[in-house]
Amino acid sequence: MTEPLLRAEIGNTHLDVIVGDITALEIDAIVNAANRTLLGGGGVDGAIHRAAGPDLLAECRTLGGCETGLAKITGGYRLKARHVIHTVGPVWKGGGADEDALLAACYRNALALAARHNLTGIAFPAISTGVYAFPPDRAARIATGTVAAEIAAAPAGLAKVIFCCFSEAATRHHLNAFAELGLA
């Protein structure tokens, strides 16, 4: 696994920021920034479906889609991750359509699914920051703040949370967000 550029600790949970390919991580679950159909798409969603193989799509077809802010879990199939937690982030509409709350819900619901399934590690991409056009600095603050607050409030069995950034710009936003929280 890639060495973290930043490691923060909240209780017994390590929060890492890395640059890498989320589909290559060996962890209990990776989070898929999915669309509402859960049937694959572009960006990280397409990459996860390609790496996991056709069995992921077959299982996703049985789930009946997913509403924005919610999350559903599947097997990982050909991935090194045992599970994929699919969550649907909001499309950015200028900030007046409850986008911040919906994005925070993605992180909370993914963490809740991880806890329900007794997972010890989870990796998040930068949800909604690709074609959904959520401002990446704002998204990073919401992601890190929501995850830190959830872990501090209800420390489940999570030993590791990874923010897996695909680009240097996304990494910089996450590092800045951790600094704003006083965790860097």
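Each remark here, short or long, concerns the structure printed above.
Every value quoted in this text rests on a predicted model; they were computed, and no experiment measured them.

J.: I keep staring at the packing of helix α4 (residues 136–153) against helix α5 (residues 168–180) and nothing clicks. Help me out?
T.: When two helices pack together, their arrangement is captured by the angle between the axes and the distance separating the axes. Packing of α4 against α5 leaves a shortest axis separation of 8 Å and a crossing angle of 50 degrees. If you check the angle between α4 and α5, you find them oblique. In this structure, the crossing between α4 and α5 has a hand that is right-handed. Across the interface between the two elements, Pro 136, Asp 137, Ala 140, Arg 141, Ala 143 and Thr 144 from α4 touch His 173, His 174, Ala 177, Phe 178 and Glu 180 from α5. When its residues are assigned to classes, the contact of α4 with α5 shows five nonpolar, three polar and three charged.

J.: Would you mind showing me how to read the environment of Leu 38 here?
T.: Take Leu 38: it is sitting in the loop between β3 (29–34) and α1 (43–52). On a C-alpha basis, the gap between Leu 38 and His 83 in space is 14 Å, while along the polypeptide they are 45 residues apart. If sequence neighbours within four positions are ignored, Leu 38 has contacts with His 49, Cys 60, Leu 63, Gly 65, Cys 66, Lys 72, His 86 and Val 88.

J.: When you look at the pairing of strand β2 (residues 13–19) in this model, what are you seeing that I'm missing?
T.: It is a general feature of regular strands that their side chains alternate between the two faces of the sheet. Most of β2 is tucked away, with five of its seven residues classed as buried. Summarising the sheet, strand β1 (residues 6–10) and β2 pair through five bridges and their orientation is antiparallel. Looking across to β2, one finds that Leu 6 is bridged to Val 17. Direction of pairing for β2 relative to strand β7 (residues 160–165): parallel, over a ladder of six bridges.

Procedures and definitions
Residues numbered from 1 in each chain as written. Predicted model: local features only at pLDDT ≥ 70, side-chain atom pairs only at ≥ 80, totals over all residues. Heavy atoms only, no water. Axes fitted to C-alpha atoms, helices over the stretch in contact; angles between N-to-C directions. Helix = DSSP H or I, 4+ residues; strand = E, 2+ residues; numbered from the N terminus. Parallel < 35°, antiparallel > 145°, perpendicular 65-115°, else oblique. Left-handed = near helix turned anticlockwise from the far one by under 90°. Contact = heavy atoms within 4.5 Å. Nonpolar A, V, L, I, M, F, W, Y, C, P; charged D, E, K, R; others polar. Buried < 20%, exposed > 50% of the residue type's maximum accessible area, 1.4 Å probe, protein only. Pairing = 2+ DSSP bridges.

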